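# Structural overview for review
Each chain is listed here by its residues.
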Amino acid sequence: MPLHSLLYIVHYELCIIKIMAKIKTIGVLTSGGDSPGMNAAIRAVTRAAISHEFNVKGIYRGYRGLVENEIVDFHAEDVSNIIHRGGTILRTARCKEFTTPEGRKKAYDNICKHGIDALVVIGGDGTLTGAKQFASEFDIPIVGIPGTIDNDLYGTDHTIGYDTALNTIMWCVDRIRDTANSHERLFFIEVMGREASFLALYGAIAGGAEAAIVPEISLEQDQLAQLIEHGFRTTKKSSIVLVAENPVTGGAMQLAERVRKEYPQYDVRVTILGHLQRGGSPTAQDRILASRMGATAIEALVEGQRNVMIGDDDEQMIYVPFSKAIKYEKAIDRHLLETIARLSK
Ligand code: F6P
């Protein structure tokens, strides 16, 4: 091996030893809306940290726990038998106080009190936005893990919980289809996703729905009118349309109201899936993603990374700067709408 390569390796190893000497204790928290697989991520972070001989502190109720000092020692056995459980054993919250400079100062004081040298935060857009702000004010390395059913973070193909939510939606659509068929009805099924349309779009494909009404397209055209003008499948009397929860689509209730007024020939019903999409045992996909991301988050800290989210890019674990993950929009594949329409004829 040439001397310069050898020197590079020695330098790299020394840097890692220096960073590891600095980080002794890692705090882990879940924040924002929960998602199936968060427990698998907590388990992976805890176990990977322990295997690198770090101490672990569990922080309850997300940033609220940091502000209100709900911080406990975490050991390998504290995360036993949780890989299959929905929700989060650390609980979660949306914390107003952490959005204020005073709240963040309190949080930092508690971090110092517990000797926490680095943080792993698991959550969605709001969680990473909070982490970015915190990291810009205080000297603490933070690594994020994308945990949200919405799949709306840029730089990762999937977020933890998305696959489980999608499977839940598919399960529900299958059941609604039975009764829709029996009664020859038109069903609007509203799904979550906040600003994002991934659950509606992919849920429609997986459930064999006739259409997905999503904000990106609703902004440009009257999707409902088009759908009804072009007619639903002629070989079938019932129809299922997935609707993304969003003021732009109007939501399932509003669409159904319009159909009752403008197209009274349809017998229309609405199902809003709501928070049931957030629960349940995580799928294999989400458990694997959470486990890999949790372990990678600790490797990131060992390598001296900070202010990055762990992403999944074509099966590879990558580091995505917070600024990118929360700023850029993850676009939908518009061709999928065409596919849905084509397959429903
Ligand atoms: O971000 C996850 C999510 O489930 C969104 O899909 C939904 O709009 C929102 O959280 C609901 O939030 P809450 O649990 O506060 O009602």
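Presented here is a report on the structure given in the accompanying data block. (Residues numbered from 1 in each chain as written. Predicted model: local features only at pLDDT ≥ 70, side-chain atom pairs only at ≥ 80, totals over all residues. Heavy atoms only, no water.)

## Quick notes on the environment of Asp78
The topology assignment puts Asp78 in the loop between strand 3 (71-74) and helix 4 (101-113). The partly exposed category is assigned to Asp78, whose relative accessible area is 32%. In this structure the C-alpha to C-alpha distance between Asp78 and Gly58, which are 20 residues apart in sequence, comes to 9.5 Å. With residues near it in sequence (within four places) discarded, Asp78 still touches Asp73 and Ile89. Within polar-contact distance, the side chain of Asp78 engages the backbone nitrogen of His75 at 2.6 Å. (Helix = DSSP H or I, 4+ residues; strand = E, 2+ residues; numbered from the N terminus. Buried < 20%, exposed > 50% of the residue type's maximum accessible area, 1.4 Å probe, protein only. Contact = heavy atoms within 4.5 Å. Polar contact = N/O pair within 3.5 Å; in protein donor to acceptor, adjacent residues only side chain to side chain.)

## Quick look at the packing of helix 6 (residues 162-183) against helix 7 (residues 198-207)
Between helix 6 and helix 7, whose axes approach to 9 Å, the crossing angle comes to 50°. In terms of their interaxial angle, helix 6 and helix 7 are classed as oblique. Read as a crossing pair, helix 6 and helix 7 show a hand that is right-handed. Residues Tyr162, Ala165, Leu166, Ile169, Met170, Val173 and Arg177 of helix 6 form the contact with helix 7, whose participating residues are Phe198, Leu199, Tyr202, Gly203, Ala206 and Gly207. Here the residues of the contact of helix 6 with helix 7 are counted per class, giving 10 nonpolar, 2 polar and 1 charged. (Axes fitted to C-alpha atoms, helices over the stretch in contact; angles between N-to-C directions. Parallel < 35°, antiparallel > 145°, perpendicular 65-115°, else oblique. Left-handed = near helix turned anticlockwise from the far one by under 90°. Nonpolar A, V, L, I, M, F, W, Y, C, P; charged D, E, K, R; others polar.)

## Notes on the site of the ligand
The immediate surroundings of the ligand are formed by Arg94, Ile149, Asp150, Met192, Gly193, Arg194, Glu245, His275 and Arg278. Side-chain polar atom of Arg194 to an oxygen atom of the ligand: 3.3 Å apart, as the coordinates give it. Surface burial for the ligand is 75%, taken as the share of its 400 Å² of free accessible area covered by protein chains. (Near = heavy atom within 4 Å. Areas by Shrake-Rupley, 256 points an atom, 1.4 Å probe, with all protein chains shown as cover.)

## Topic: the packing of aromatic side chains
Tallied over the full model, the rule gives 6 aromatic pairs. Judged by centre distance (4.0 Å) and plane angle (0°), the rings of Tyr63 and Phe98 are stacked. Of the two residues, Tyr63 is situated in helix 3 (residues 62-67) and Phe98 in the loop between strand 3 and helix 4; the sequence distance between them amounts to 35 residues. By the burial criterion, Tyr63 is buried, and Phe98 matches it. Taken together, a centroid distance of 5.2 Å and an interplanar angle of 50° make the contact between Phe134 and Phe138 tilted. No difference in accessibility class separates Phe134 from Phe138, as the two residues are buried. Through pairs of rings, three or more aromatic residues link up here, namely Tyr63, Phe98, Tyr108, Phe134 and Phe138. A cation over a ring is seen here: Arg175 above Trp171, with NZ or CZ 3.7 Å from the ring centre. The ring centre of Phe198 lies 5.5 Å from the NZ or CZ of Lys330, which sits over that ring. (Phe/Tyr/Trp six-rings, centres within 6.5 Å; stacked < 30°, edge-to-face > 60°. Lys NZ or Arg CZ within 6 Å of the ring centre and 35° of its normal.)

## Here's the deal with helix 4
The terminal C-alpha atoms of helix 4 lie 18 Å apart, and with 13 residues this matches the ideal 18 Å at 1.5 Å per residue to within 8%. Regarding helix 4, the residues found buried are Gly103, Arg104, Ala107, Asn110 and Ile111. For helix 4, the arc enclosing every buried residue in end-on projection is 120°, short of the 170-degree limit, so these residues lie on one face. Away from its buried face, by an angle of more than 90 degrees, helix 4 presents the exposed residues Pro101, Glu102 and Lys113. Packed against the buried residues of helix 4 are helix 3, strand 3, strand 4 (118-123) and helix 5 (125-137). Phi turns positive one or two residues past the end of helix 4, at Gly115, with a value near 65°. (Expected span 1.5 Å × (residues − 1). Arc of directions from axis to C-beta.)

## Concerning the layout of surface pockets
Taken as a whole, the largest pocket spans an internal volume of roughly 1000 Å³. Along its surface, the largest pocket is lined by 47 residues, and Asp125, Gly126, Asp150, Asp152 and Arg194 are the ones closest to its centre. No other element matches the 6 residues that helix 5 contributes to the lining of the largest pocket. Across the lining of the largest pocket, the residue classes tally to 16 nonpolar, 16 polar and 15 charged. (1 Å grid on protein atoms, 1.4 Å probe; cavity = no way out; pocket = protein on both sides within 12 Å on 5 of 7 lines; lining within 4 Å. Points joined across faces, edges and corners; volume = space filled by probe spheres on them.)

## Section: the pattern of salt bridges
Under the defined criterion, the tally for this structure stands at 15 salt bridges. When the shortest N-O distance is used, the salt bridge between Asp73 and Lys57 registers 2.7 Å. Within this pair, whereas Asp73 is found in strand 3, its partner Lys57 is found in strand 2 (residues 55-59), the two being separated by 16 residues in sequence. Judged by its relative accessible area of 44%, Asp73 falls in the partly exposed class. Notably, a salt bridge pairs Arg334 with Glu220, separated by 2.9 Å at the nearest N-O pair. (Salt bridge = Lys/Arg side-chain N within 4 Å of Asp/Glu carboxyl O.)

## What about the sheet that holds strand 4?
If you trace the 7 strands from one edge of the open sheet to the other, you get 3-2-1-4-5-10-11, paired in mixed fashion. A strand with exactly one partner marks an edge of an open sheet, and here the two such strands are strand 3 and strand 11 (316-321). Shown here is a sheet whose adjacent strand axes are inclined to one another by a mean of 30°, direction ignored. As paired strands, strand 2 and strand 3 are joined by 4 bridges and run antiparallel to one another. Counted as the bridge partner of Val56 is Phe74 from strand 3. With respect to the sheet, helix 5 is in contact with strand 4, strand 5 (142-146) and strand 10 (308-313), its orientation differing from that of strand 4 by roughly 160°. (Pairing = 2+ DSSP bridges.)

Limitation: the analysis is restricted to geometry and does not speak to function.
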